[in-house]
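Chain by chain, the residues run as shown.
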Amino acid sequence: MKKAGIIMILGSLLLLGLFKFPLWNIMLGAPQYPDPMGMNIHITGIEGVHEFDIQNIDGLNHYIGMKKIPKPEEMWEFDVFPKVIGGMVFLGVLIGILGFFGKVSYKWFLGWLILMSVLGVMGMYDFNNWLTEYGTDLDPNAIMKMTHPDGTPMTYKPPLLGHQKMLNFDVDSFPHTGAYMLFVGMLLTLIAFFVGKKEWKTNN
């Protein structure tokens, strides 16, 4: 399964892009901000799209009682996620090498993909929970207390995916370069499974 092994190795190595490029991006735009502010979410922390974006977003959030954007040491995810990705890269490359030399069957490629998919779903679930807490756990002593027409307190959870109007801000939340590299890497491992299956049947 030489071809399948090489494809598996390449697919696994693409996950290393998550250590360089953002996984997700959230942008906030409003009439008084001609240059939208934004956050790039990496597996190691959150950075502003522009130099003072984090500072400016925290300043705005203060008025409505939202917490400050967390630093890497304030969230366990930024310690665990790099280890998980590093472990999956190592495992994927190892399976690819073993597959190249015919030491494991093509089913191992699918096993890696299923495990990575489960971890990805868990990661997105955790990310959505953080967005929910970030946008709903407000300081009761905030300077501005916005309410809906029925009198219930307004919350400010950014969308997990897509566009949402929040007060006078347009908020957009979409995958970034790292997520696309992850997707392509997982797609390659799926291709490796089918190529490996064909090679396995040919050789056996």
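In this report, the structure presented in the accompanying data block is examined. (Residues numbered from 1 in each chain as written. Predicted model: local features only at pLDDT ≥ 70, side-chain atom pairs only at ≥ 80, totals over all residues. Heavy atoms only, no water.)

### Quick word on the pattern of salt bridges
Point 1. Within this structure, the stated rule accounts for four salt bridges.
Point 2. One salt bridge in this structure joins Lys83 and Asp79, with 3.4 Å as the shortest N-O distance. One end of the pair, Lys83, and the other, Asp79, are both in helix 3 (residues 77-100), four residues apart, so they sit about a helical turn from each other.
Point 3. A salt bridge links Lys165 to Asp170; the shortest N-O distance between them is 3.3 Å.
Point 4. Each of Lys67, Glu133 and Asp137 takes part in salt bridges that share partners, so that together they form one network. (Salt bridge = Lys/Arg side-chain N within 4 Å of Asp/Glu carboxyl O. Helix = DSSP H or I, 4+ residues; strand = E, 2+ residues; numbered from the N terminus.)

### A closer look at the sheet that holds strand 2 (residues 33-41)
Point 1. Spatially, five strands are ordered 3-2-1-5-4 in an open sheet, and the strand pairing comes out antiparallel. Strand pairing shows two members of the sheet lacking a second neighbour, strand 3 (46-48) and strand 4 (162-166), which therefore form its edges. Neighbour-to-neighbour, the strand axes of this sheet turn through a mean angle of 20°, independent of strand direction.
Point 2. Taken together, the six bridges between strand 1 (residues 24-30) and strand 5 (residues 169-175) define a ladder with antiparallel strand orientation. Among the inter-strand pairings, Gly29 is bridged to a residue of strand 5, identified as Asp170.
Point 3. Helix 4 (residues 107-136) rests against strand 1, strand 2 and strand 3 of the sheet, and its axis sits at about 30° to strand 1. (Pairing = 2+ DSSP bridges. Axes fitted to C-alpha atoms, helices over the stretch in contact; angles between N-to-C directions. Contact = heavy atoms within 4.5 Å.)

### Here we look at the packing of aromatic side chains
Point 1. Evaluated as defined, the whole model comprises nine aromatic pairs.
Point 2. For the ring pair Phe100 and Phe101, a centre distance of 5.1 Å and an interplane angle of 80° mean the geometry is edge-to-face.
Point 3. Given a relative accessible area of 24%, Phe100 falls into the partly exposed group.
Point 4. The aromatic ring of Phe100 is capped on one face by Lys2, whose charged end is 4.4 Å from the ring centroid. (Phe/Tyr/Trp six-rings, centres within 6.5 Å; stacked < 30°, edge-to-face > 60°. Buried < 20%, exposed > 50% of the residue type's maximum accessible area, 1.4 Å probe, protein only. Lys NZ or Arg CZ within 6 Å of the ring centre and 35° of its normal.)

### Describing helix 1 (residues 2-13)
Point 1. Relative to the 16 Å expected for twelve residues at 1.5 Å per residue, helix 1 spans 17 Å between its end C-alpha atoms, a close match to the ideal helical length.
Point 2. Buried within helix 1 we find Ala4, Gly5, Met8, Ile9, Gly11 and Ser12. Angularly, the buried residues of helix 1 cover 165° about the axis, an arc narrow enough to put them on a single face.
Point 3. Here the buried face of helix 1 lies against helix 3, helix 4 and helix 5 (177-203). (Expected span 1.5 Å × (residues − 1). Arc of directions from axis to C-beta.)

### Side note on the side chain of Glu199
Point 1. For Glu199, the position within the fold is in helix 5.
Point 2. Buried charged residue Glu199 carries no salt bridge. Nearest counter-charge: Lys3, at 5.8 Å.
Point 3. From its side chain, Glu199 meets the backbone nitrogen of Ala4 in a polar contact 3.2 Å long. (Lys, Arg positive; Asp, Glu negative; His and termini not counted. Polar contact = N/O pair within 3.5 Å; in protein donor to acceptor, adjacent residues only side chain to side chain.)

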